[in-house]
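Close look at the chain arrangement
Residue strings, one per chain:
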Amino acid sequence: MGALLLSAVFGGLALVYSIYRFLTRPSISDLPGPESTSFWLGHLPALFTEEVGSTDFKWQAQYGGIVRVKAPFGEDMLWISDPKALQYVYQTSGYNFPKQPERRVLSRLIGDTGLTWAEGDVHKRQRKVMLPAFGLSESKALLPVFRHYAEQVTLKWKDLLTEQSQPSIVLNVHHYVAPATLDAIGEAAFDYKLGALDNETSELAKAYSNLVTTIFSAPSKAKMFMTNLAHYVPMGIQDFLYEHLPGKGLDKARFNRQAAHKVANELLESKTEALLMGKGNRDVMSILVKANAAEVGAGKLSHGEIVAQMRTILLAGQETTSNTLSWALLELARQPHIQTRLRREVHAMERTIRERGDADFSVADFEAMPYLQAVLREVLRFYCAVPHTYRQALHDDVLPLSKPVTTRSGKVLHEVPIRAGLRLILSICAYNREADVWGEDAHVFNPERWLSDATKPKRSTNVGVFANLLTFAAGVRGCIGWRFAVYEVQAFLTELVSNFQFELTPDVARVCKTQAIVMVPTLAGELEKGVQLPLRVSLAPRDE
């Protein structure tokens, strides 16, 4: 009887303590934020169906860098663009803010159990093995590959101009840039010639064509609701459902996985054989296989994990770079004076290269071109490939702020307590437009901000891995291939601007910044046609 009474007392105390903890846990309900018009969907439609950034910039202007928003069922979430809060989440306490489980399942759908899916110790192990393949010297060594595939686009466009006997033609530039960057990633990362630009019937090329647009763009209300509902469903059940449910997007993802796995397994076998024979190239997979062989025991990646990295690299490398280049060409067409100035700098460097007896650009040449560097950084700032990332707090925590926030009840907070499990929306696009960081003209595309000490971005809080931009994320989950991407964008941009002039077409007025995990250009009313960016292309003038 005594033991039973004691158990009841302890049970009662535990219940009281649980209720006390629930009632006193940190709450963000007093933070400023917009009112939700839908209990069932919260603010998801504003973030996922409107043009990328439109909602973010509105919240940023009205409420500041930290905003309470609503998930479905009236649940509070935290939207963040404050530099110090982002630095804390990404860098200071990176592994204490894992991806939301429903976002991890989406990562697995398009990248298997690779680096973008992994968390905690698994992520640390995968990243450790992969890092040697993405170092500075390894990335620089791949520049000739990037330049080669940029030249293939030049040859293709010159052929089209010759065939049509016109001084200019209208091209969907993304239609050519996307397969060329996929080819570049294939050879640079795996020493594998995909042939996507020349052979549209290539199975792997078809598997990656309009991949994220088909799966993620323009989600219906039902799709948004079900994706959010997955937050409360065990990940194993979610994986099973995504594996077996019908749907155009899911069919595309499964076809992509099948095609990528087929090539990846063949490559892994050949790379492993080459290593055993004492051979090996400088492509990413060869270095990865070698680094993995040097690991012992639990540090090694499994066969499946290495295959997953290939799918992850192909997706991350091709989608982000091709879309960044497309947006860059659009902006150069909008601002001919920037395009002309950049072309003159490229042509001047080409003359310098010829005079010293070299055949092509080096990374040092790129770095010696101040206007190219300014345009590159401004494109990455203004047109971030991935507009948001999604995290949740592992523990009760406190977020520091760059600027104090005034709550709805009038309190002034210099930091925000948050509860374990709170979902966070980290707004990369809004941080990249923070006036306190980038200047009062942050919403203007202006490469000049990078050229003058008076206008250069302020570095009071260091957030991103490149130029303090958040475009490649930051901290332990920062993009492992950011150097890879920076060199590839420069390789293509210098080649295309050197050889072609880009002008606007009437259809540009219909270009939308469509949310599809990455920001893709589409035409209003023609989303079913996939990514489109029609520009008028002609041969570039030369002063020589």
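What you see is a predicted model; the values in this text were computed from it and never measured.

Cut-off values and rules
- Residues numbered from 1 in each chain as written.
- Predicted model: local features only at pLDDT ≥ 70, side-chain atom pairs only at ≥ 80, totals over all residues.
- Heavy atoms only, no water.
- Patch = residues over 30% accessible without salt bridge, like charges linked within 9 Å, V, L, I, M, F, W, Y side chains within 5 Å.
- Areas by Shrake-Rupley, 256 points an atom, 1.4 Å probe, with all protein chains shown as cover.
- Salt bridge = Lys/Arg side-chain N within 4 Å of Asp/Glu carboxyl O.
- Helix = DSSP H or I, 4+ residues; strand = E, 2+ residues; numbered from the N terminus.
- Buried < 20%, exposed > 50% of the residue type's maximum accessible area, 1.4 Å probe, protein only.
- Contact = heavy atoms within 4.5 Å.
- Pairing = 2+ DSSP bridges.
- Axes fitted to C-alpha atoms, helices over the stretch in contact; angles between N-to-C directions.
- Expected span 1.5 Å × (residues − 1).

A few points about a nonpolar patch on the surface
Together, Ile237, Phe240, Leu241 and Leu245 make up a nonpolar patch on the protein surface, roughly 370 Å² of accessible area in all. Of note, Phe240 is situated in helix 13 (residues 235-244).

Quick notes on the pattern of salt bridges
In the structure shown here, the tally under the stated rule is 29 salt bridges. Linking Arg419 and Glu75 is a salt bridge whose minimum nitrogen-to-oxygen distance equals 3.8 Å. Of the two residues, Arg419 sits in the loop between strand 6 (412-418) and strand 7 (423-427) while Glu75 sits in the loop between strand 1 (66-70) and strand 2 (76-80), which places them 344 residues apart along the sequence. A salt bridge links Arg449 to Glu378, with the nearest nitrogen and oxygen atoms 3.0 Å apart. Of the two residues, Arg449 is situated in the loop between helix 21 (435-438) and helix 22 (482-499) and Glu378 in helix 19 (residues 370-382); the sequence distance between them amounts to 71 residues. You can call Arg449 buried: its relative accessible area is 1%. A relative accessible area of 0% places Glu378 in the buried class. Each of the salt bridges in this network shares a partner with another, and the network as a whole consists of Glu75, Glu102, Arg419 and Arg423.

Considerations on the side chain of Thr55
Secondary-structure assignment places Thr55 in helix 3 (residues 54-63). What makes Thr55 buried here is its relative accessible area of 2%. If near-sequence neighbours (up to four positions away) are discounted, Thr55 is found in contact with Ala46, Leu47 and Glu50.

Let's talk about the sheet that holds strand 8 (residues 500-503)
Read across the sheet, three strands follow the order 3-11-8 without closing on themselves; strand pairing throughout is antiparallel. Either end of the sheet is taken by a strand with one partner, and the two such strands are strand 3 (168-172) and strand 8. The sheet shows a mean angle of 35 degrees between the axes of neighbouring strands, taken without regard to direction. In this structure, strand 3 lies alongside strand 11 (residues 534-539), joined through five bridges in antiparallel fashion. What sits directly across from Asn172, in strand 11, is Pro534.

Re helix 19
The end-to-end C-alpha separation of helix 19 is 18 Å, in line with the 18 Å expected for 13 residues at 1.5 Å each. Counting buried residues along helix 19, twelve of its 13 residues qualify, which places the element largely inside the surrounding structure. Along helix 19, the residues that are buried comprise Tyr371, Leu372, Gln373, Ala374, Val375, Leu376, Arg377, Glu378, Val379, Leu380, Arg381 and Phe382. On its buried side, helix 19 packs onto helix 16 (303-334), helix 17 (336-355), helix 18 (363-367), helix 21 and helix 22.

As for the sheet that holds strand 2
An order of 1-2-7-4 is seen for the four strands of this open sheet, with the pairing classed as mixed. Every interior strand has two partners, whereas the edge strands, strand 1 and strand 4 (388-392), have only one. For this sheet, the mean angle separating the axes of adjacent strands, direction not counted, is 30 degrees. The strands touched by helix 3 are strand 1, strand 2, strand 4 and strand 7; relative to strand 1, the strand with the most contacts, the crossing angle is about 125 degrees.

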